[in-house]
Amino acid sequence: MGKRLFALLLCLALSLSACGREGTEIPEPIPEAEPTSEKVTELWGFPIDNTHDVFEVPTGGRLGTVLVTVELQETDEEDELYSTISVWNSSNLTAPIQSMEMDGVTTHGHELVDADFDGHTDFCYTQYRGAKNDTFSLYIWDEERENFHFAESFLGDLEVDEKNQTLYNWTSGSISSGEKKEFRWENGELVCFRMIEWTGPEEGDDLQRVEVVTYERVNGEFVEVSRE
């Protein structure tokens, strides 16, 4: 009984296979496209290489999307490295609408943020790479003047808290130590109003113990308000 059932199923399978060959052809699966390895070497006609960087910033204002170029400048002194940041309007690429000098190199590291919470896009640019912390600068878009202005340089990471209208700057020290600075805008200036420092145990100390110290700005100076 089992052998006859197996033979019947085998004949049915062969019959269906023959119908598939004689009727509509079964299409072969389409191979997935391999990811391209081509590297972007220019944007808006401006080069992208070891000494040039280019990226777009959608300002959300009258000029729409502008282009930012960063070019490393040659100097006679090896320890003096600086770059030129230029801002371009798409309607005229013959001359930039703005040029600024920045201490640092072209790291190809930028981040778009709304750091002053006005609905217009600003950007951070990393000028130096570090083993633990990067150095970067924040540039704010001024819709009235239609250009960017330098706001602050930071070490580490920047977190933008739109709900609390606050910027947090995190800096790493050792494995279990670091610092957090809290900034807010006052009369158009970015002001640090609180600092929190934490220090982990030294070698041989209690590994469960971390000291956290909080400072707040009082009359223009930082005063310790808690230690635990």
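Residues numbered from 1 in each chain as written. Predicted model: local features only at pLDDT ≥ 70, side-chain atom pairs only at ≥ 80, totals over all residues. Heavy atoms only, no water.

1. Remarks on the overall build of the protein chain
In step 1: The helix and strand inventory of the protein chain stands at one helix and 16 strands.
In step 2: Residues classed as buried in the protein chain amount to 32% of the 228 residues present.
In step 3: Considering only residue pairs separated by 6 or more positions, the protein chain has 27% of its internal contacts joining residues 24 or more positions apart.
In step 4: Accessible surface, the protein chain as shown: approximately 15,600 Å² in total, 50% of it carbon and sulfur. (Helix = DSSP H or I, 4+ residues; strand = E, 2+ residues; numbered from the N terminus. Buried < 20%, exposed > 50% of the residue type's maximum accessible area, 1.4 Å probe, protein only. Contact = heavy atoms within 4.5 Å. Areas by Shrake-Rupley, 256 points an atom, 1.4 Å probe, with all protein chains shown as cover.)

2. Thoughts on the nonpolar core
In step 1: Grouped together as the largest cluster of nonpolar side chains are 17 residues, with contacts concentrated most on L138, F154 and L167.
In step 2: Listing elements by their share of this core, those giving two or more residues are strand 9 (135–142), strand 10 (147–155), strand 14 (189–199) and strand 15 (211–218).
In step 3: The residues touching L138, leaving out its near neighbours within four places in the chain, are V113, A115, F123, C124, H149, F150, A151, E152, F154, L167 and L190.
In step 4: One finds V57, L63, I85 and V87 within the second-largest nonpolar core, a separate group that totals 15 residues. (Core = buried A, V, L, I, M, F, W, Y, C linked by side-chain atoms within 4.5 Å.)

3. Comments concerning unusual backbone geometry
In step 1: Residues other than glycine seldom take positive phi values, yet H108 does so here, at roughly 60°.
In step 2: In this structure H108 comes out as partly exposed when scored by relative accessible area, which is 35%.
In step 3: The backbone phi angle of F117 is positive, close to 60°, even though this residue is not glycine.
In step 4: Looking at the element boundaries, F117 is found in the loop between strand 7 (110–113) and strand 8 (122–128).
In step 5: Looking at F117, the relative accessible area reads 18%, which means it is buried.

4. What about the pattern of salt bridges?
In step 1: If you walk through the whole model with that rule in mind, you get 10 salt bridges.
In step 2: Across the pair E146 and R62 runs a salt bridge, and its minimum N-O distance is 3.0 Å. In this pair, E146 sits in the loop between strand 9 and strand 10 while R62 sits in the loop between strand 3 (52–58) and strand 4 (65–72), placing the two residues 84 residues apart along the sequence.
In step 3: A salt bridge links R227 to E224; its shortest N-O distance comes to 2.8 Å.
In step 4: For R227, a relative accessible area of 45% corresponds to the partly exposed category.
In step 5: Overall, E224 belongs to the partly exposed group, its relative accessible area being 38%.
In step 6: Overlapping salt bridges bring together K180, E182, R194 and E216 as one network. (Salt bridge = Lys/Arg side-chain N within 4 Å of Asp/Glu carboxyl O.)

5. Details of the packing of aromatic side chains
In step 1: Tallied over the entire structure, the rule returns 10 aromatic pairs.
In step 2: Ring geometry for F55 and Y125: centres 6.0 Å apart, planes at 15°, overall stacked. On the criterion of sequence distance, the pair formed by F55 in strand 3 and Y125 in strand 8 is long-range, its members being 70 residues apart. In this pair, the class of F55 matches that of Y125, namely buried.
In step 3: Between F123 and F148, the ring centres sit 4.9 Å apart and the planes meet at 80°, which makes this aromatic pair edge-to-face. With F123 in strand 8 and F148 in strand 10, this pair connects stretches of sequence that are 25 residues apart.
In step 4: The buried category is assigned to F148, whose relative accessible area is 2%.
In step 5: Through pairs of rings, three or more aromatic residues link up here, namely F55, F123, Y125, Y139, W141, F148 and F150.
In step 6: Seen from the ring of F193, R184 lies directly overhead, with NZ or CZ sitting 4.1 Å from the centre. (Phe/Tyr/Trp six-rings, centres within 6.5 Å; stacked < 30°, edge-to-face > 60°. Lys NZ or Arg CZ within 6 Å of the ring centre and 35° of its normal.)

6. Brief notes about the pairing of strand 16 (residues 221–227)
In the case of a regular strand, side chains alternate between the two sheet surfaces.
In step 1: Pairing analysis gives six bridges linking strand 15 to strand 16, with the strands arranged antiparallel. Across the sheet, the residue bridging to V213 is R227, located in strand 16.
In step 2: Where strand 15 folds back onto strand 16 in an antiparallel hairpin, the turn is made up of two residues, including N219, whose phi is positive at roughly 55°. (Pairing = 2+ DSSP bridges.)

Remember that the coordinates give geometry; whether it matters functionally is a separate question.
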